Amino acid sequence: MRKIGVLTSGGDAPGMNAAIRAVVRYGISVGLEVYGIERGYKGLIGGAIKRMDNRSVSGIIQRGGTVLKTDRCPEFKELKYQKRAIDVLNAFGIEGLIVIGGDGSFRGVKDLKNNFQYPGIGIPGTIDNDLGYTNYTLGFDTACNTVLWAINNLRDTMTSHDRVCIIEVMGRKCGDIAIFSGLAGGAEILLVPEVEVDLEKTSKKILQNEIKGKKSDIIILSEGVCDAEVLKEELEKRTGLSIRTVKLGHIQRGGMPTMADRVLGSRFAVKAVDLLKQDKGARAVGIKNNKIIDVDIEEALAAPRELSKSLYNLVISLSN
Ligand code: ADP
Ligand code: F6P
């Protein structure tokens with residue numbers, strides 16, 4: 001293989017730039033030509049492709065977001081558009097593709113392999129940490145640290161007023177952002193999609209905390225459970241308290257990537273380039289017990305996402 005392409009797809013995640021930089025610089029160092037594809041599969045179909053060199057990735061390792069831009073491209077699920085993408089890749093002579101994104105983006109890699117025998121490698125880039133085959137996805141650590149910053153600030157004001165505050169965090173159907181930031185931020189109550197919510201129990205805990213002298217609670221709510229405003233209404237009805245809500249939203253997706261995400265992005269990228277160099281395709285890279293791994297893309301997509309049960313229990317047991 002002589003020419004490879006790289007794109008970012010789906011929601012951006014801090015650390016994507018570190019991965020792009022490493023794909024380009026490592027790829028060139030092992031004799032490849034590297035092409036950057038803009039705006040994910042949309043740019044691929046539209047031929048928005050440019051040759052990258054070492055200088056085109058200067059000064060980006062510390063930046064959140066993605067310099068290649070990203071997009072969602074629902075039409076890529078259709079064979080017709082996948083065929084168009086293959087035609088574009090062939091026209092540029094690009095023989096292998098690195099896709100940085102979440103499970104949706106990985107399905108594109110799988111389709112290119114199954115329908116056209118085209119080799120693609122998936123790098124897990126999403127703040128959600130919702131891919132079961134890898135311990136961590138790129139961007140998760142930075143997002144959790146951003147949530148922690150918010151918890152710290154909110155705790156100052158909530159404690160001063162003896163208030164209860166619901167902080168809604170992202171993660172789709174995965175509770176990891178809530179669990180990890182809840183543990184590190186000392187959350188009093190943690191609500192995640194993987195565990196059924198008991199409103200009576202939650203209200204009782206808030207009232208019991210008050211009796212115990214804990215007059216201010218931080219409730220970390222995963223977006224996959226319900227909207228913060230809905231929860232607020234239910235809890236206010238049951239406790240008689242006036243509760244505040246903060247929806248962190250896209251703030252969690254931006255910002256300077258942490259050291260962990262820059263290192264992870266660089267390590268993922270090197271593995272992805274090595275796989276293409278060895279003419280391997282339809283694989284996903286990941287990290288298990290601090291070792292960079294690669295698995296079949298179908299296996300990556302099928303791996304069950306398990307709740308970090310011990311960490312979840314730890315948050316609960318330390319919240320008394
Ligand atoms: P993420 O990659 O973060 O999970 P999405 O689920 O939005 O984000 O998927 C990103 C893009 O991946 C989609 O907009 C689409 O272009 C592509 N994609 C998603 N599902 C499929 C699929 N089943 N087949 C082919 N491509 C897909
Ligand atoms: O997958 C990343 C993510 O930020 C989720 O946590 C969130 O549910 C979703 O994307 C938000 O998507 P959008 O950028 O389309 O609002």
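Residues numbered from 1 in each chain as written. Chains lettered and ligands numbered in written order. Predicted model: local features only at pLDDT ≥ 70, side-chain atom pairs only at ≥ 80, totals over all residues. Heavy atoms only, no water.

Looking now at the pattern of salt bridges. For the structure shown, the criterion picks out 19 salt bridges. Ionic pairing is found between Asp12 and Arg253, a salt bridge with its closest N-O pair at 3.2 Å. With Asp12 in the loop between strand E1 (3-8) and helix H1 (16-29) and Arg253 in the loop between strand E9 (243-247) and helix H9 (259-277), this residue pair connects regions lying 241 residues apart in the sequence. For Asp12, a relative accessible area of 17% corresponds to the buried category. (Salt bridge = Lys/Arg side-chain N within 4 Å of Asp/Glu carboxyl O. Helix = DSSP H or I, 4+ residues; strand = E, 2+ residues; numbered from the N terminus. Buried < 20%, exposed > 50% of the residue type's maximum accessible area, 1.4 Å probe, protein only.)

Here the focus is the pairing of E1. Each regular strand carries side chains that alternate between the two faces of the sheet. With respect to burial, E1 is a largely interior element, six of its six residues being buried. Residue alternation in E1 divides its side chains into two sets, Lys3, Gly5 and Leu7 and Ile4, Val6 and Thr8, and both sets are buried. Bridge count for E1 against strand E2 (residues 33-37) is five bridges, and the pairing is parallel. Note on E2: the bridge partner recorded for Lys3 is Glu33. The handedness of the E1 to E2 crossover, carried by H1, is right-handed. Pairing between E1 and strand E4 (residues 96-101): five bridges, direction parallel. Among the inter-strand pairings, Ile4 is bridged to a residue of E4, identified as Gly96. (Pairing = 2+ DSSP bridges. Right-handed = clockwise from strand over helix to strand, strands pointing away.)

Okay, the sheet that holds E1 next. In space, the seven strands of this open sheet follow the order E3-E2-E1-E4-E5-E10-E11, with mixed pairing throughout. Whereas interior strands pair on both sides, the edge strands pair on one side only; in this sheet they are strand E3 (49-52) and strand E11 (291-296). Each neighbouring strand pair of the sheet contributes to a mean axis angle of 30°, computed without reference to strand direction. Looking at chain direction, E2 and E3 are connected through four bridges and run antiparallel. The residue of E3 that forms the bridge with Val34 is Met52. Relative to E4, H1 is tilted by about 160°, and along the sheet it contacts E1, E2, E3 and E4. The sheet strands contacting H9 are E1, E4, strand E5 (120-124), strand E10 (283-288) and E11, and the helix crosses E10 at an angle near 140°. (Axes fitted to C-alpha atoms, helices over the stretch in contact; angles between N-to-C directions. Contact = heavy atoms within 4.5 Å.)

With 14 residues, helix H7 (residues 199-212) should cover 20 Å at 1.5 Å per step; its first-to-last C-alpha distance of 20 Å lies within 8% of that length. Those residues of H7 not exposed but buried are Thr202, Ser203, Lys205, Ile206 and Asn209. Along the long axis of H7, the arc covered by the buried residues comes to 155°, so they all point the same way. Of the exposed residues in H7, the ones pointing more than 90 degrees away from its buried face are Lys201, Lys204, Ile211 and Lys212. Against the buried residues of H7 lie strand E6 (164-169), strand E7 (189-191), strand E8 (217-222), helix H8 (228-239) and helix H11 (309-317). At the N-terminal boundary of H7, the capping side chain belongs to Asp198, with an oxygen 3.1 Å from the backbone nitrogen of Glu200. Where H7 terminates, the next one or two residues include Gly213, which has phi positive at roughly 100°. (Expected span 1.5 Å × (residues − 1). Arc of directions from axis to C-beta. Polar contact = N/O pair within 3.5 Å; in protein donor to acceptor, adjacent residues only side chain to side chain.)

Let us look at the domain arrangement of the chain. Domain boundaries assigned for the chain yield domain 1 (3-139 + 257-302) and domain 2 (141-253). Relative to domain 2, the C-alpha centre of domain 1 lies at a distance of 34 Å. Listed as interface residues are 14 residues of domain 1 and, on the opposing side, 13 residues of domain 2. In total, domain 1 and domain 2 occlude about 1100 Å² of area from one another, counting both sides; carbon and sulfur atoms represent 50% of this. Our enumeration of links across domain 1 and domain 2 arrives at two salt bridges. Scanning the region where domain 1 abuts domain 2 turns up eight residue pairs in polar contact (both at pLDDT 80 or more). Residues of the side of domain 1 that touches domain 2, tallied by class, amount to five nonpolar, four polar and five charged. (Domains from an automatic or database assignment. Buried area = accessible area lost by both parts, 1.4 Å probe. Nonpolar A, V, L, I, M, F, W, Y, C, P; charged D, E, K, R; others polar.)

Moving on: the nonpolar core. Ranked by internal contacts, the top residues of the largest apolar core, which has 55 residues, are Ile98, Ile123, Ile167 and Ile220. Two domains each provide a minimum of three residues to this core, namely domain 1 (3-139 + 257-302) and domain 2 (141-253). If we ignore the near neighbours within four places in the chain, the residues touching Ile220 are Ile151, Ile167, Val169, Ala178, Gly182, Ala187, Ile189, Leu190 and Leu191. By size, the runner-up hydrophobic cluster in this structure holds 29 residues, among which are Phe76, Ile86, Phe106 and Leu131. (Core = buried A, V, L, I, M, F, W, Y, C linked by side-chain atoms within 4.5 Å.)

What follows concerns the site of ligand 2. The environment of ligand 2 is formed by Arg72, Thr126, Ile127, Asp128, Met170, Gly171, Arg172, Glu223, His250 and Arg253. Here an oxygen atom of ligand 2 and a side-chain polar atom of Glu223 are 2.5 Å apart. Considering ligand 2 on its own, with 400 Å² of exposed area, one finds that the protein chains cover 75% of that surface. Taken together, the residues of the shell around ligand 2 sort by class into two nonpolar, three polar and five charged. Counting contributing residues, the shell around ligand 2 receives three or more from each of domain 1 (3-139 + 257-302) and domain 2 (141-253). (Near = heavy atom within 4 Å. Areas by Shrake-Rupley, 256 points an atom, 1.4 Å probe, with all protein chains shown as cover.)

Right, let's get into the environment of Leu138. Take Leu138: it is sitting in the loop between E5 and helix H5 (140-160). Overall, the relative accessible area of 0% leaves Leu138 in the buried class. Taking the C-alpha atoms as reference points, Leu138 and Arg262, separated by 124 residues in sequence, lie 8.5 Å from one another.

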